[in-house]
Amino acid sequence: MLETMRWEDNKLVLLDQTKLPLEICYFSCQTYHDVICAIKKLVVRGAPAIGAAAAYGMALAALDCCRDDLNKCREELSRAAEALAASRPTAVNLFWALDRIKQIIRQEITCEDLFERILKEAHAIFQEDILINKKIGQFGAQLVPPGATVLTHCNAGAFATGGYGTALGVIRAAREEGKKIQVFADETRPLLQGARLTAFELMQEKIPVTLITDNMAGYVMKKGLIDLIIVGADRVTAHGDVANKIGTYSLAVLAKEHQIPFYVAAPLSTFDFTLCSGDEIPIEERDGKEVREVFGHLTAPVDVPVFNPAFDVTPHQLITAIITEKGVIHRPDAHAVREVVGTEN
Ligand code: MRU
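Residues numbered from 1 in each chain as written. Predicted model: local features only at pLDDT ≥ 70, side-chain atom pairs only at ≥ 80, totals over all residues. Heavy atoms only, no water.

As annotated in an unreviewed UniProt entry, the protein chain carries the name Methylthioribose-1-phosphate isomerase and comes from Formimonas warabiya. Under the Function (unreviewed entry) heading, UniProt states for the protein chain: "Catalyzes the interconversion of methylthioribose-1-phosphate (MTR-1-P) into methylthioribulose-1-phosphate (MTRu-1-P)." Listed under Sequence similarities (unreviewed entry) in UniProt, the entry text for the protein chain is "Belongs to the EIF-2B alpha/beta/delta subunits family. MtnA subfamily." (UniProt positions renumbered as here; feature names shortened; annotations may be inferred.)

The following block contains the structure:
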């Protein structure tokens, strides 16, 4: 599998996900400003990958200022953290990763050590995520019957994480257990993460995948072609409400109508215990050009007004279970979430 990111010669090298699958190329970040640009443009995307990239962004900021005096360096790092936090609002992993780095900055530490310690923490955030995804995969695979056809939305795979993936990690783990699984992937308008990334990732793994447009999901469910749905998450509240890529909520409503289990796979770093209701989750709105155009090619009147929310919220009542690295939260609500994962991450 292609690497989502790597640290090389004191630079953060990102797989440019905006170009996949047509081109495999890399975007090199020399400053934290480059990382902000990459997050905003979705060169790197997916909640856990955004968190890891932001942590490496802080390492770049530290590299730049670690020869200043400690107070100046702390000031510069706090500016960098604020700017990185403003890059995308919905995936809570971004803020979670920045908080981990901020804890280091607050410690008694010399200026010389600051960069090394922040870089070490960024590596840890990235590498721990792969192990966490594998645990999620082990728990989730128990919910996938042999021969199942799984519908997924957007890309919650290796590209969106440190590697392996959350929703696609469950599919990978089920396959590793020897189960024959096939996948329907929603193309996921407007930016086509399902078509460009999930279809590509599953084909690379030789997992059978069929691509559909988003508006075909109800039809394939009605025809009995789908046994279960698994998606990832950008933020999960203490009551189990889930923000994920726009279109996820519609799938959950359709799943209820067709009595199809609807699963969410998410690490603890995606939980926000400060929020109860999903209505409190900030939903990113992106440029209308993304809807008016496909790959820079205009497909609508140039001045048509557009509404382009990047995420929606699925209330916990529509979710069969949330799969975490600590176990499965069946019928999620405040009590069930607390029972499995506690109240802190
Ligand atoms: O806008 P994106 O591509 O960053 O949105 C990604 C998603 O919605 C994913 O499903 C989510 O981040 C989970 S990734 C493990």
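Draft legend 1. Broad picture of the pattern of salt bridges. A full pass over the atoms with the stated rule returns 14 salt bridges. Of the charged contacts in the structure, one is a salt bridge between R6 and E3, with a shortest N-O distance of 3.7 Å. Take E3: its relative accessible area is 43%, and that puts it in the partly exposed class. The residue R235 makes a salt bridge to D272 at a minimum N-O spacing of 2.7 Å. One end of the pair, R235, is in strand β8 (residues 235-237); the other, D272, is in strand β11 (residues 271-272), and 37 residues separate them in sequence. (Salt bridge = Lys/Arg side-chain N within 4 Å of Asp/Glu carboxyl O. Buried < 20%, exposed > 50% of the residue type's maximum accessible area, 1.4 Å probe, protein only. Helix = DSSP H or I, 4+ residues; strand = E, 2+ residues; numbered from the N terminus.)

Draft legend 2. Region of interest: the packing of aromatic side chains. Going through the model one piece at a time under the given rule, you end up with five aromatic pairs. Their ring planes at 25° and their centres at 5.7 Å tell us that F271 and F273 sit as a pair that is stacked. Looking at F271, the relative accessible area reads 2%, which means it is buried. Since its relative accessible area comes to 18%, F273 is described here as buried. A cation over an aromatic ring shows up here: R6 above the ring of Y26, its NZ or CZ 5.1 Å from the ring centre. When the ring centre of F311 is taken as reference, the NZ or CZ atom of K245 above it lies at 4.3 Å. (Phe/Tyr/Trp six-rings, centres within 6.5 Å; stacked < 30°, edge-to-face > 60°. Lys NZ or Arg CZ within 6 Å of the ring centre and 35° of its normal.)

Draft legend 3. Region of the structure containing the side chain of R286. In this structure, R286 sits in the loop between β11 and α10 (289-292). Engagement of the side chain of R286 in a polar contact is seen with the side chain of E290, the distance being 2.8 Å. Every residue in contact with R286, bar those within four places of it in the chain, is listed here: K40, L42, R88, L191, N308 and A310. (Polar contact = N/O pair within 3.5 Å; in protein donor to acceptor, adjacent residues only side chain to side chain. Contact = heavy atoms within 4.5 Å.)

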